[in-house]
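Coordinate analysis (summary)
Now for the letters of each chain:
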Amino acid sequence: MPALRLPDKQKSYSPFVIESRIPKPEELVVLSKRLLDSTITIGKALEGCTKKWAFGGDVAEVISGVNVEPDHVTILTTKEGCDEISGKLSRYAVVAPAMAERKLAREAKIAMKPHPVMIRSYMAQFNIDGSVLDVHGDLQIRVGEWEWGDPLDYEPDFVYVVGVKVPVIPLQMKSEIYNGLGWRDRAAKIHEAVIRSRHKFG
Amino acid sequence: MPTVLPPEPMADVVCLGVGYMSGVIAAELSIAALNNQVNYKVVAITKGPYWDYVNDFSTTKYDEWGVGLGRKYDSPLPLQSATIRNTPQQFALPVRRYTMPIQYHALGHGVGGAAQHYGGTMGRQGPWGYKQKSLTDTKYGTAFLPSINPHNDLEDWPLAYSDYEPYYVDWERAHGLCGNYNGSTTNSSSDMNYPWMSQNYPLPPHPLTPVAQSFQTAAQSLGYHPFPHVSALASQPYTNQYGVPVNPCVYDGYCGGPCDYACETGAKANAAYRTIPAAMKSGNFTLVVNSFIFRLNVDTTTNLITSAMYYDAQGNIHTQPGKVFFNGLWGYNMIRTMWLSGVGVPYRWNSDPTMVSGSLGRGLTNGYLPYRGTSVSASLPNVGGNSYPAGNGSGGSVDIYDLMDDNFDHTGLNFIGGSEIGAGGYLGGGPGNITFAGGSSSANMGATFKATQKDKYLPSKLSLGSTPFAHDLPTTDNYVDIDPHYTDAYGDPVARLTYDWTPNTYNGATYLANKVAAIFTKMGATNVTVGSTVNPGAAHNDWWGHHLRGGCRIGINAASSVWNKWNQCWAPYFNIFGAGEITNTSGDNVPSGTHVAGAQSYVAADGIRKYLALTAPGQLT
């Protein structure tokens, strides 16, 4: 074959294209392998669970397309569900189910004023191959000096994670909670994911 | 003179092109957790842009003229084309436009490649397909194949279906394929007739249409084994093994048609929205866009490739060095780039099939039906439809594998293999559901055309149609080489395709059309009509369809194939791998070649890992 022949003048070809810039890594929604593997393990272990449960927290948002960076796995269920899940995941148990109450690191911002956010639940904790799993039964939220809210209830959406069908807290519910707490940045991330999916909430 | 820039930083793996196959290599090699925490540096180069489905497609795709006719998302022909002819004696002419009757399917452009605009239809190749040469010789005698396929050049694959099966699983999980097994009654590894599965598809099939359900019932009553059509359009929210979330299909109707509508939600699987995001997130991956690869540099003492050269959008020349190169370019460009670089052994045609030589470019085949084939048509008077909501990929339909491969006795027949038969896909194809201009018949213009549109979107009765055909077989007369007359925008010769359909396609059609007619009749259809037999050679290929494939065979024999079983180039060009080669597919009337090729990309990823672990360059065994 002929050796490389360089053209005698600069040639460029610029077809008209509508193009986007290459996204930065932080703009891409990807669940880390460690949390992904844990999510699959949990999903398989809880396939026969009789009580209502769903992934909550940031993992649920990532697998629903929201650009957040989770560091642990969260499940929301009922008190009875927490006991059932604790039985199914007993080999991973770290903290046995018990009532727990704590203050969230982030405050609510309502009417331009900050308020502490407390949660309480019947809670158990697990270590799933290196990933922390918090299971909350009948989780309640209290903002500032207001009353405790009702235990969170929901009808889950479903996501297939590498073929394992898992329930997740609906984005609409999370968006409402974030807006209620004044966490507009988090609500905006959900809004962006919903826009990209071109699906309505739920 | 163009500005020749200093070499780019050394990479462990350089991907040529950023389509489906390169996406897998990029993800598998760049994610340290998949490589014992080794941070392989991967660079991938594409001549087109990065596409964001929201910014680029969600509003601009609703442009029938620009997308359907202007092909604004597709590979620009003024940049590069190919020439085509039917026989080695003809003068090949270049493809100048993408619209019929000269051309129909366009090649892809940019990240995601052709899968940005394809139909998303999938389907595994069964066990017979991988060993069809030896199985045919054993069952029907060694004289049979040459008798039905003049200048026959069929070969077995180097691996069996059982070897590829786990790689199929990886591919299906990565891209979120929808379906429910493939019709195997036992689903065991002893089933040689159907593509049994160790794992079901990761997503459920799309909802079946009434026609599909009718087909399913009829097929079952005739003893066939129907299953939902396999689609690469996500039917549900999904997250793949790389942690990349996927939006489900919105059935927007602007999807299929002439297979050119990019997806506005990323539900249509391709590298840009399944594998490349994970690679980009890894921190070990560099994406180079709007850059045209024109040469591979080879060390003449070692025959190893040292670097790839490309033009950027300003015409500057870049050099990308690497340890391993993965050729993920579209078929003809895969061949052309190697040919122009002196990598591989170019195929030399001869009218005497015993005198041909070389492998690069050998064995061009077609995964698509003859332009005119024996057809069967019917009416379903009591079933209506709605053409507005639609996904493509034949989602919603039902298939059978019972009339393909060697799943029926071919004794006394003049063909091998057969066709996947299906019915019931979503009606809608967006504006593509309206016949585009370009044809010359009265049905495509004027009052006749308008009349046919009246009942187009909410039809009260449906038509059934099928043009089944047996798979195309490789011959020594169909091949790719380098055109001596025409060049690309930069002055390099374009690929020349010499191709015409082989008799197997036509002969199979005659037999299969009657089988399809029987199913249609069982469905309660009326006016079931088998068209006149179209004999071999009655129509000639005059289009550069994207289902032309092959020419860079994976095989056992270095004299007639380019890649070995690890998808590594045969000696002495040890450090280039490739995938997407589908010369010897058992075929069907849907282009499942992508699915067959996809499994190879995972084989190649394993091969590259093995190669990088070698202490000295060499052939993998």
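All names here are of chain B. The biggest cluster of nonpolar side chains holds 167 residues, and the ones touching the most others in it are Val 13, Cys 15, Ile 25, Ala 26, Val 42, Phe 326 and Ile 608. Apart from the residues lying within four places of it in its own chain, the contact partners of Val 42 are Ala 11, Asp 12, Val 13, Cys 15, Ala 26, Leu 29, Ser 30, Ala 279, Asn 284 and Phe 285. Listed in part, the 39 residues of the second largest apolar core include Trp 196, Phe 215, Val 383 and Tyr 401.

Right, let's get into the interface of chain B and chain A. Chain B puts 48 residues into the contact, and the matching count from chain A is 37 residues. Elements with a contribution of two residues or more to the side of chain B that touches chain A: helix H2 (53–57), strand S8 (238–239), helix H9 (276–282) and helix H10 (331–341) of chain B. For the side of chain B that touches chain A, the element with the most residues is H9(B), which contributes four residues. Of the residues contributing to the side of chain B that touches chain A, the split by class is 27 nonpolar, 15 polar and six charged.

Before going further, it helps to spend a moment on the sheet that holds strand S3 (residues 82–85) of chain B. All names here are of chain B. Strand order across the open sheet formed by four strands is S4-S3-S20-S19, with mixed pairing between neighbours. Each of the sheet's edge strands pairs with one partner strand only, and the pair in question is strand S4 (93–94) and strand S19 (479–487). With four bridges joining them, S3 and strand S20 (residues 493–498) adopt parallel strand pairing. Looking across to S20, one finds that Thr 83 is bridged to Arg 496.

So, about the pairing of strand S15 (residues 376–380) of chain B. Residues and elements named next belong to chain B. Every second residue of S15 is oriented toward a common face, the buried set being Val 376, Ala 378 and Leu 380 and the non-buried set Ser 377 and Ser 379. Bridge analysis of S15 against strand S18 (residues 462–466) gives five bridges, and the strand direction is antiparallel. Bridge pairing in S18 links Ser 379 to Ser 463. Direction of pairing for S15 relative to strand S21 (residues 526–530): antiparallel, over a ladder of three bridges.

An ideal rise of 1.5 Å per residue puts 20 Å on 14 residues; helix H5 (residues 184–197) of chain A measures up with 20 Å between its terminal C-alpha atoms. Here H5(A) has its buried residues at Arg186(A), Lys189(A), Ile190(A), Ala193(A), Val194(A), Arg196(A) and Ser197(A). Along the axis of H5(A), the buried positions cluster into a sector of 165°, meaning they face one direction only. Counted as exposed and oriented over 90 degrees from the buried face of H5(A): Arg184(A), Asp185(A) and Ile195(A). In this structure, the buried residues of H5(A) make contact with helix H4 (171–181) of chain A together with H2 of chain B.

Okay, the confidence of the model for chain B next. Confidence in the prediction of chain B, expressed as mean pLDDT, is 90, and 92% of residues score 70 or more. The ipTM assigned to the predicted complex is 0.93, against a pTM of 0.94.

Moving on to the environment of Thr533(B). Residues and elements named next belong to chain B. On the secondary structure map, Thr 533 appears in the loop between S21 and strand S22 (548–550). Among the residues examined, Thr 533 registers 13 C-beta atoms within 10 Å and is labelled partly exposed. C-alpha of Thr 533 to C-alpha of Ser 375: the two residues are 158 residues apart in sequence and 8.2 Å apart in space. Aside from chain neighbours lying at most four places away, what touches Thr 533 is Thr 374 and Thr 510.

Definitions and cut-offs
Residues numbered from 1 in each chain as written. Chains lettered and ligands numbered in written order. Predicted model: local features only at pLDDT ≥ 70, side-chain atom pairs only at ≥ 80, totals over all residues. Core = buried A, V, L, I, M, F, W, Y, C linked by C-beta atoms within 7 Å. Buried ≥ 20, exposed ≤ 12 C-beta atoms within 10 Å, placed from the backbone. Contact = placed C-beta atoms within 7 Å. Helix = DSSP H or I, 4+ residues; strand = E, 2+ residues; numbered from the N terminus. Nonpolar A, V, L, I, M, F, W, Y, C, P; charged D, E, K, R; others polar. Pairing = 2+ DSSP bridges. Expected span 1.5 Å × (residues − 1). Arc of directions from axis to C-beta. pLDDT = per-residue confidence, 0-100.

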